[in-house]
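The chain contents come next:
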Amino acid sequence: MAAVTGPLPTFLLEIGTEELPADFARLALPQLESLVQRDLAAARLSHGPVVCTSTPRRLALLVPDLPNSQDDQAEERKGPPASAAFQDGVPTPAAQGFASRCGVDASQLEVRDTPKGPFVFAVVHQAGQPTAEVLAELIPQWITTLQGRRFMRWGHGESRFSRPVRWLVALLDGAVVPVQLMDSDPPVSSGNRSRGHRLRDQAVEIANAQSYAQALATAGVEVHREDRRAWIHQQVQQAATGLGAKPDCPESLLDELTDLVESPVLIQGDVDPHYLSLPAEVLSTVMRSHQRYVPLVREGARIDPLALDATESLLPSFLCIGNGLPAASATVKRGNERVLRARLADAEFFVQADRAVASIDRRSQLARVTFAEGLGSLLDRVERLEWLTDVLLEAIALPVPTADHARRAAHLCKHDLVSQMVGEFPELQGVIGGKYLLAEGEPRAVSLAVLEHYLPKGAGDALPSSEAGAVVALAERFELLLSIYAKGERPSGSSDPYALRRSGNGIVQILKDQGWHFDLVGLLVRATTHWSQLLPHCQVDAAALAAELAEFLRQRLVNQIEEDGIDADLVQAVAGDPAAAARVLEDPADVSLRAALLVDLRRRGELPAVQAVVTRAARLAEKADLAPGVVSAKGVVDPALFEQPSEAAMLEVLNALEPMALAPSADTYGALAQGLSASAEALAAFFDGDQSVMVMVDQPAIRANRLNLLAILRNQAYVLADFSRISG
C-alpha cells in the first residue's frame with residue numbers, strides 16, 4: 001500500500017428510507033456495526049471507531065481513518081513433491097501447471113523441507129484493491145443482511161427491507177462510492193444528496209463525510225440518535241420539574257420517542273380534570289402505550305395501587321415530543337389533546353359499563369371463554385388454581401385471615417378478563433380487577449392479592465408485597481406449568497408461547513423473596529396425580545411429569561443464580577445435581593446463600609484449601625456403603641476398632657462438624673467451611689503421618705469403619721456444596 005501523507009479518509013453510508021418502525025431504527029444499529037467491523041477486518045481495512053446512528057428516515061454509518069487501499073497480501077501455496085516437480089533441475093509439467101495456477105513463473109517456485117519430505121511452494125502476491133472498490137462490493141451486502149420484524153417488498157422489485165429504500169449516500173471523504181441497488185423499485189444509485197426533515201422537503205448536498213451531521217442539521221435533522229435521546233430526556237425532566245411533577249417516562253418510552261422524531265420539539269398538553277376520576281393506570285396506559293405521551297406524577301404523591309381515581313397522583317397535564325416545525329406546536333397540541341380526550345371518554349365508558357356488573361357475575365362468564373385447547377375454559381382454570389391455593393396453604397403456615405384472603409383472591413382473580421376495560425387494555429388485567437373488587441367492598445387484602453397475583457411480569461419486575469398475593473401468584477404459575485405440560489407442550493429454543501420459563505422464574509423468585517420452605521417436589525407429585533385425574537384425555541404420567549417439572553424449576557433457579565454473575569462452576573456445586581432437586585427447590589434462598597459463600601471463599605483465596613480436604617476424603621469415600629445423607633458418626637463409626645490416634649482425631653473433627661451439618665443455616669455455613677479447612681491437618685495425619693492408617697485393609701470391619709470416617713466428612717461437606725463440581 002502506498003504511503004499516506006495526509007489525513008486518512010472517512011467513509012459515510014446513509015440508507016434513506018420511508019418512515020422506519022421505531023424498534024428497527026434502534027435494533028438495526030448494533031447489527032450494522034457488527035457487520036461493518038467484521039467485513040472490514042476480513043477485507044484487511046484498518047479503521048477508527050465505527051459510528052452507527054439512525055433517524056425515522058435513515059440509517060447512517062461513519063467510519064473514520066480508512067486507508068486508501070487494502071494492504072497487499074502474500075499467500076504461500078503448497079504444491080507437488082519436489083521429486084515430481086523437477087527432474088534434473090528442470091520443471092516438470094506438474095510444476096509448470098502448479099505455477100500457472102498460482103500466476104507465477106516456474107522459476108519462482110521454491111523447494112522446502114516438510115515433515116513429509118521436500119515440496120514445492122509458491123508465494124502469491126496480491127495487490128490490495130482501492131478502498132472505494134471494496135466498499136462498493138460490501139454496501140449492498142450490509143443492506144440485505146440486516147434483519148428485523150415485518151420486512152417488506154415494494155413495487156416490482158425483489159429487494160426486502162423494513163421500509164422502502166428511497167436514496168443512498170455513499171462517500172469516501174468527498175468522493176461518491178458508486179453503488180446500485182438494482183433489486184429496488186425504482187433502482188437506487190448512490191450519490192451525495194440526502195434529504196432533510198420531511199416537512200421541509202429539500203434535498204441536502206453532502207460535501208464530504210465529515211460535514212454530514214452539520215449538513216443535515218441545517219435541514220432540520222438531528223442525525224445523532226444519542227444526542228436526540230439526551231435532549232428529549234433533559235427537556236422532559238426540566239419541564240416536569242417546573243410543573244412540580246415527575247415524568248412517568250420509562251426507558252422503553254424514551255427510546256421510542258427518540259426513534260419517532262428527527263427534529264424533536266417538546267409540547268405540553270392539558271388533560272380535562274374530569275378524567276382524573278379514572279384510575280391512574282388507565283390514564284397512564286392510554287398516554288404511554290397508545291399515544292406515546294409522558295404522564296406527569298405529582299411530586300411527593302403517595303401512590304396507592306388500588307386507588308380508584310388519579311386526583312391525588314397525576315397532574316391534569318402531559319408532555320409529548322413532536323416532529324413538526326416549532327411554529328405548528330400549538331396546532332399539534334390541540335390535536336393531541338383532542339385524540340386523548342376521545343380515548344379517555346372511551347375508557348370512562350368501559351369503566352362505567354364494568355362497574356354495572358358485579359365481579360362475582362363476571363367470574364361465571366369465564367365459563368364461556370376457552371383457556372387453551374384440551375384445557376377447558378377460563379373458569380376451569382380458576383378452579384384448578386383454587387385447588388393449588390389450598391394445597392399451598394397446607395404447606396405454608398400462614399395466619400388464618402391471610403389464608404382466607406388468599407382463597408377468596410384465588411376465587412376471583414380472573415374475573416376482569418371478561419371486563420370491557422381489559423378487553424381494550426389487556427395490560428391492565430389484575431390491576432383493574434383489584435380496583436373493581438375494592439370498590440365493591442371486598443377486603444383490601446383480597447383486592448391487593450388479585451392485583452399482585454400477576455407479579456412478577458418479567459425480569460426485574462416487582463414481586464408480590466403481600467403473603468396472600470404471593471400464594472395466589474404461585475398457584476397461578478403452577479397451574480400454567482402443570483396444564484401446558486400436561487397437554488404435551490414444552491418451551492423449546494426461542495419458542496415459548498405460554499411464557500413457561502417466565503412462570504418458572506417467577507416461582508423461584510417468589511419463594512426466595514418470601515423465604516418459604518416446603519416440600520416442593522412432594523407438591524408436584526400430588527398435583528400431577530390430581531391433573532392426571534382432571535385431564536384423562538391428556539394421558540398424564542404423573543410421576544414422570546412431576547420429575548420433569550422439578551428439573552425444569554431447578555434449571556430456572558440455576559439460570560437465575562448464573563445471571564446474578566456467580567461463576568458457573570459454583571452454581572453447579574450448589575444446585576447442579578438433578579438428584580438434589582428436592583433440597584434445592586425446598587429453599588431457593590438457601591441455594592443463593594451457599595453460592596454467595598463460595599464466591600466469598602474464592603475471592604479470599606480460601607476455597608482451594610476446603611476443596612482439597614473434601615476431594616481427598618471423597619476419593620476413597622466412594623467405596624463406603626454409606627448414604628449421602630448420613631452426617632453423624634453415631635452408629636456408623638466404632639471407636640473400639642481404632643488402631644491409631646489419627647482415627648480418633650478424625651472422629652473429633654466429624655463430631656465438631658456434626659451440629660453444623662445437621663442444622664445448616666446462614667449462621668453455620670461459614671463455620672462449616674472453616675471447620676472443613678481446619679480438618680486438613682487431621683486428614684493429612686490420617687493418610688500420611690507417622691500415625692497414618694491403611695484404609696483398604698483386609699479386615700472388613702476395620703476397612704468399613706475407616707471408609708465411613710471419610711464418607712461422613714464428604715457428606716458433611718456436601719451440606720455446603722458438591723465440591724467435585726468446582727473447577728480448580
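Conventions and cut-offs
- Residues numbered from 1 in each chain as written.
- Predicted model: local features only at pLDDT ≥ 70, side-chain atom pairs only at ≥ 80, totals over all residues.
- Heavy atoms only, no water.
- Helix = DSSP H or I, 4+ residues; strand = E, 2+ residues; numbered from the N terminus.
- Rg over C-alpha atoms; globule rule 2.2 N^0.38 Å.
- Contact = heavy atoms within 4.5 Å.
- Axes fitted to C-alpha atoms, helices over the stretch in contact; angles between N-to-C directions.
- Parallel < 35°, antiparallel > 145°, perpendicular 65-115°, else oblique.
- Left-handed = near helix turned anticlockwise from the far one by under 90°.
- Nonpolar A, V, L, I, M, F, W, Y, C, P; charged D, E, K, R; others polar.
- Salt bridge = Lys/Arg side-chain N within 4 Å of Asp/Glu carboxyl O.
- Buried < 20%, exposed > 50% of the residue type's maximum accessible area, 1.4 Å probe, protein only.
- Pairing = 2+ DSSP bridges.
- Polar contact = N/O pair within 3.5 Å; in protein donor to acceptor, adjacent residues only side chain to side chain.

Draft legend 1. Structural context of the overall build of the chain. In terms of regular secondary structure, the chain is built from 27 helices and 18 strands. The C-alpha radius of gyration of the chain comes to 35 Å, more than 25% above the 27 Å expected for a compact globule of 728 residues. Summarising its shape, the C-alpha atoms of the chain cover approximately 105 × 95 × 55 Å along the three principal directions. Excluding contacts between residues fewer than 6 apart, the proportion of contacts in the chain whose partners are at least 24 apart in sequence is 71%.

Draft legend 2. Seen up close, the packing of helix H24 (residues 645-662) against helix H27 (residues 700-718). Two elements in contact, H24 and H27, have axes whose closest approach is 10 Å; the angle formed by their N-to-C orientations is 30°. Taken together, the axes of H24 and H27 are roughly parallel relative to one another. In the crossing of H24 with H27, the sense of the turn from one axis to the other is left-handed. Between H24 and H27, the contacting residues are Glu647, Met650, Leu651, Leu654, Leu657, Glu658 and Ala661 on the first element and Arg706, Leu709, Leu710, Ile712, Leu713 and Gln716 on the second. Of the residues in the contact of H24 with H27, the class split is 9 nonpolar, 1 polar and 3 charged.

Draft legend 3. Main features of the pattern of salt bridges. Evaluation of the coordinates by the stated rule reveals 51 salt bridges. Where Glu19 meets Arg198, a salt bridge forms, and the shortest distance between an N and an O atom there is 3.3 Å. Taken together, the positions of Glu19 in the loop between strand E1 (11-17) and helix H1 (22-42) and Arg198 in the loop between strand E13 (193-195) and strand E14 (203-205) put the pair 179 residues apart, joining distant regions of the chain. On the basis of relative accessible area, Glu19 is assigned to the partly exposed category, the value being 36%.

Draft legend 4. Structural view of the sheet that holds strand E17 (residues 294-298). Read across the open sheet, the 4 strands follow the order E15-E17-E18-E16; overall the sheet is antiparallel. A strand with exactly one partner marks an edge of an open sheet, and here the two such strands are strand E15 (245-247) and strand E16 (265-270). Pairs of neighbouring strands in the sheet enclose a mean axial angle of 30°, with direction left out of account. Two strands pair when backbone bridges link them, and E16 and strand E18 (residues 314-322) are joined in this way by 6 bridges, in the antiparallel orientation. Bridge assignment links Gln268 to a residue of E18, and that residue is Leu319. Sheet contacts for helix H6 (residues 225-242): E15, E16, E17 and E18; angle to E15, the most-contacted strand, approximately 160°.

Draft legend 5. Main features of the sheet that holds strand E7 (residues 110-114). On the basis of which strands lie adjacent, the open sheet formed by 3 strands has the order E4-E8-E7 and antiparallel pairing. Each having just a single partner strand, strand E4 (73-81) and E7 make up the two edges of the open sheet. On average, each strand axis in the sheet is inclined to that of its neighbour by 40°, with strand direction left out of account. Relative to strand E8 (residues 117-126), E4 runs antiparallel, the two being bridged by 7 bridges. In the strand pairing of E8, Ala74 is matched with His125. On the sheet, helix H3 (residues 93-102) packs against E4 and E8 and is oriented at approximately 160° with respect to E4.

Draft legend 6. The environment of Asn323, seen in detail. Assignment of secondary structure puts Asn323 in the loop between E18 and helix H9 (329-355). With 282 residues separating them in the primary sequence, Asn323 and Ala41 have C-alpha atoms 38 Å apart. Look past the residues within four positions of Asn323 in its chain and what remains in contact with it is His197, Arg198, Leu199, Leu260, Val261, Glu262 and Ser263. At 2.7 Å, the side chain of Asn323 forms a polar contact with the backbone nitrogen of Glu262.

Draft legend 7. Fine view of the pairing of E7. Two elements, E7 and E8, share 5 bridges in a ladder whose sense is antiparallel. Bridged to Arg112 within E8 is Phe119. If you look at the hairpin formed by E7 and E8, you'll find 2 residues sitting between the two strands.

Draft legend 8. Quick look at the packing of helix H12 (residues 400-412) against helix H15 (residues 444-452). Direction vectors running N to C along H12 and H15 enclose 55°, while the axes themselves pass 8 Å from each other. With respect to each other, H12 and H15 are oriented oblique. Crossing geometry of H12 relative to H15 is assigned as right-handed. Mapping the contact onto sequence places His405, Arg408 and Ala409 in H12 and Ala445, Val446, Ala449 and Val450 in H15. Across the contact of H12 with H15, the residue classes tally to 5 nonpolar, 1 polar and 1 charged.

Draft legend 9. Focus on unusual backbone geometry. Going from Asp185 to Pro186, the amide bond is cis rather than trans, its omega being 0°. Positionally, Pro186 belongs in the loop between strand E11 (180-181) and strand E12 (188-191). A positive phi is found at Arg150, a non-glycine position, where the angle reads about 55°. Position of Arg150 relative to the elements: it lies in the loop between helix H4 (131-145) and strand E9 (165-172). A residue is classified by how much of its surface remains accessible, and Arg150, at 58% relative accessible area, is exposed. Of note, the phi angle at Gln539 is positive, near 50°, even though the residue is not glycine. Mapped onto the secondary structure, Gln539 falls in the loop between helix H18 (520-534) and helix H19 (542-563). Residue classification places Gln539 among the exposed residues on the basis of a relative accessible area of 72%.

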